[in-house]
Each structure stands twice: as C-alpha cells, then as structure tokens.
Amino acid sequence: MVYDREAPAKYRDELHALAEDKAAANHINIALSNVCFECWLLLHLINSAAPYSCHDDLIKNSSFKAEFLRVTGVEYEKSEGALFDKIKHLIPEARKRAKTINASSTAAANPGARPYQINPYFGILDLLNAIDAFNSKYSNRFI
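Read on for a plain summary of the structure. Sequence order sets the numbering: in each chain, residues are counted from 1 along the sequence as written. Per-residue local features are limited, in this predicted model, to residues with pLDDT of at least 70; the limit for side-chain atom pairs, both in listing and counting, is 80 or more; totals at the level of whole chains, interfaces and linings are taken over all residues. Neither water nor hydrogens contribute to the side-chain values; these are computed over all heavy atoms in the structure.

In this description, a line fitted to the C-alpha atoms serves as the axis of each element, helices being fitted only across the stretch in contact, and the angle between N-to-C directions of two axes falls anywhere from 0 to 180 degrees. Here a helix means four or more residues in a row that DSSP labels H or I, a strand means two or more in a row labelled E, and each is numbered from the N terminus. Their axes nearest at 10 Å, the elements helix α2 (residues 37-45) and helix α4 (residues 64-72) cross at an angle of 50 degrees. When the axis of α2 is compared with that of α4, the two are oblique. In this structure, α2 crosses over α4, and the sense of that crossing is left-handed. Seen from α2, the contacting residues are E38, L41, L42 and L45; seen from α4, they are F64, E67, F68, R70 and V71. All residues other than Ala, Val, Leu, Ile, Met, Phe, Trp, Tyr, Cys, Pro, Asp, Glu, Lys and Arg, Gly among them, are scored as polar; the first ten of these are nonpolar and the last four charged. The residue inventory of the contact of α2 with α4, partitioned by class, reads six nonpolar, no polar and three charged. Here roughly perpendicular refers to angles of 65 to 115 degrees, roughly parallel to angles under 35, roughly antiparallel to angles over 145, and oblique to all remaining angles. Handedness of a crossing is defined here by the sense of rotation of the near helix relative to the far one, left-handed for an anticlockwise turn of less than a right angle and right-handed for a clockwise turn. Contacts between residues were defined by any pair of non-hydrogen atoms, one from each residue, lying within 4.5 Å.

What follows covers the pattern of salt bridges. What counts as a salt bridge is simple: a side-chain nitrogen of Lys or Arg found within 4 Å of a carboxyl oxygen of Asp or Glu. Applying the stated criterion to the full structure yields nine salt bridges. K88 is the salt-bridge partner of D85, the closest N and O atoms lying 3.5 Å from each other. Relative accessibility thresholds used throughout: buried, under 20% of the residue-type maximum; exposed, over 50%; partly exposed, between the two (1.4 Å probe, protein chains only). For D85, a relative accessible area of 52% gives the class exposed. Using a relative accessible area of 42% as the deciding quantity, one classes K88 as partly exposed. D132 is the salt-bridge partner of R95, the closest N and O atoms lying 2.7 Å from each other. Residue R95 is located in helix α6 (residues 91-108), and its partner D132 is located in helix α7 (residues 124-138); the two are separated by 37 residues in the primary sequence. On the basis of relative accessibility, which here comes to 19%, the residue R95 falls in the buried class. Through salt bridges with shared partners, a single ionic network connects E20, D21 and R114.

These figures come from the coordinates and say nothing about function on their own.
Structure below.
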C-alpha cells in the first residue's frame, strides 16, 4: 500500500499507528511518503532533507515548482498524466538521496520512531527495492 502522511495536524499519529498495525497483521507492506508525495518528487530534482508540515508548506516554501519547471520545461500539475515520463530518468538519483536522507532522519528520530513520525521519510524507496528484488528473482520465469 502506498500513501502519504498529508499533514500531521490532519491525521493523528494514532490513526497512522492503527493503519500500520492492521497492514502488518494482514501481511501488507506500506510505502509511506512523509509528509507528502511531492517530497519524493523533489528528490528527483534536488537533494533536500527539509521537513515540511504539509503539501502546501512544501509548495510554498521549497524550490519544487521552480526546479520542476527548470528540469522538465513545464509547470508542475499534480494530476498530470505524463508526470512520470518527465522525471523517470531521475529515479536513480532520487533513490540515492532517499536512502541517505532516510538513514539520517531515522538516526535523528526518537528511538523506535515509526516512518509516519519521521519527517522527511521516503517509504517509496522500500517499494522500489522490493520491486527490484522481485524482478531479480523472477525475471527469467516469465520469458
């Protein structure tokens, strides 16, 4: 399951804990982007470990829109169908950045903190790693 935190003020930690516990009990992995999915997209453009309180905070107080325009030549539209095609070549760099930032954010967090309590946190990295592992294990079986 993939989702983003959206805003700590909007969804309390207790709700995230409940969702995470239910998912674990049902053998469902979560790829959480804390605080919003645009944090993950920002890593495609620049190296930024800045925490944001919500999507609007990131849009207003980061260089996301300007960097997106600089890199892609078009303005960012959240529901743009061709968004992936515009930045997919930058995924390897975003993954490297996410790995480093997740490690430092987790180390700086309270012991035992869960991803929804760590800002920023890029669970999409775990999903991509799982996809790579699956492809590596089963790629020859489907040919």
